[in-house]
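# Inside the fold
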Amino acid sequence: MLGEATNHRHWNEDKPLFKALGPVWHQSDRKVGRVPEKLRPLDQDATWSKSAYHEWGYGCGIHPTSNASGFPCLLEVETATFSERTTVNRKEERLLHRLQPDTL
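The structure contained in this document is the topic of the report that follows. (Residues numbered from 1 in each chain as written. Predicted model: local features only at pLDDT ≥ 70, side-chain atom pairs only at ≥ 80, totals over all residues. Heavy atoms only, no water.)

## Concerning the pairing of strand 5 (residues 72-79)
Sheet topology note: the strand 4 (residues 55-67)/strand 5 ladder contains seven bridges and is antiparallel. What sits directly across from isoleucine 62, in strand 5, is valine 77. (Pairing = 2+ DSSP bridges. Helix = DSSP H or I, 4+ residues; strand = E, 2+ residues; numbered from the N terminus.)

In structure tokens form, the structure reads like this:
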């Protein structure tokens with residue numbers, strides 16, 4: 001029985017950044033769509049984002065919604081620059097109306 005691990009009263013939203021596989025595609029090259037010849041294998045979907053904890057990162061962001069015990073309920077994966085607010089707005093129906101938490 002999972003018990004307290006699946007408690008749905010209090011939820012947290014987070015966005016850890018994960019480094020893209022392969023080399024970094026610099027912003028000046030990204031803006032003009034230029035892929036330097038020696039940049040292989042390059043994740044062209046990854047983007048830059050700044051984290052308060054890890055400074056700048058090139059990759060993707062995972063948007064988990066977890067309860068107070070850290071047990072995940074909802075998860076979205078987007079590029080690093082994708083807005084946390086947009087993710088929460090997309091999860092709103094499930095979060096607020098189905099789970100009905102005391103806090104988020």
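Having seen the structure, we can now continue with the description.
## Some words on the nonpolar core
Of all hydrophobic cores here, the largest spans six residues; its members are Ala20, Trp25, Leu39, Leu42, Ala46 and Tyr58. Residue contacts for alanine 46: discarding those within four places in its chain leaves Ala20, Arg30, Tyr58 and Gly59. (Core = buried A, V, L, I, M, F, W, Y, C linked by side-chain atoms within 4.5 Å. Buried < 20%, exposed > 50% of the residue type's maximum accessible area, 1.4 Å probe, protein only. Contact = heavy atoms within 4.5 Å.)

## Topic: the pairing of strand 4
As judged from the three bridges shared by strand 1 (residues 11-13) and strand 4, these two strands associate in the antiparallel manner. The partner of asparagine 12 across the bridge, within strand 4, is serine 66. Of the strand pairs in this sheet, strand 2 (residues 17-19) and strand 4 are connected by three bridges, and their pairing is antiparallel. Across the sheet, the residue bridging to leucine 17 is glycine 61, located in strand 4. Pairing between strand 3 (residues 47-51) and strand 4: five bridges, direction antiparallel. Looking at strand 4, one finds that lysine 50 is bridged to tryptophan 56.

## Digging into the pattern of salt bridges
Close approach of charged atoms lets side chains of opposite charge pair. Counted according to the given criterion, the structure contains five salt bridges. Here glutamate 55 and lysine 50 are joined by a salt bridge, their closest N and O atoms 3.8 Å apart. The exposure class assigned to glutamate 55 is partly exposed, which follows from its relative accessible area of 45%. One network of salt bridges, in which partners are shared, links Glu76, Glu78 and Arg90. (Salt bridge = Lys/Arg side-chain N within 4 Å of Asp/Glu carboxyl O.)

## Overview of the side chain of threonine 47
Position of threonine 47 relative to the elements: it lies in strand 3. Each residue touching threonine 47, except ones within four places of it in the same chain, is listed here: Arg30, Gly57, Tyr58, Gly59, Thr79, Ala80 and Thr81.

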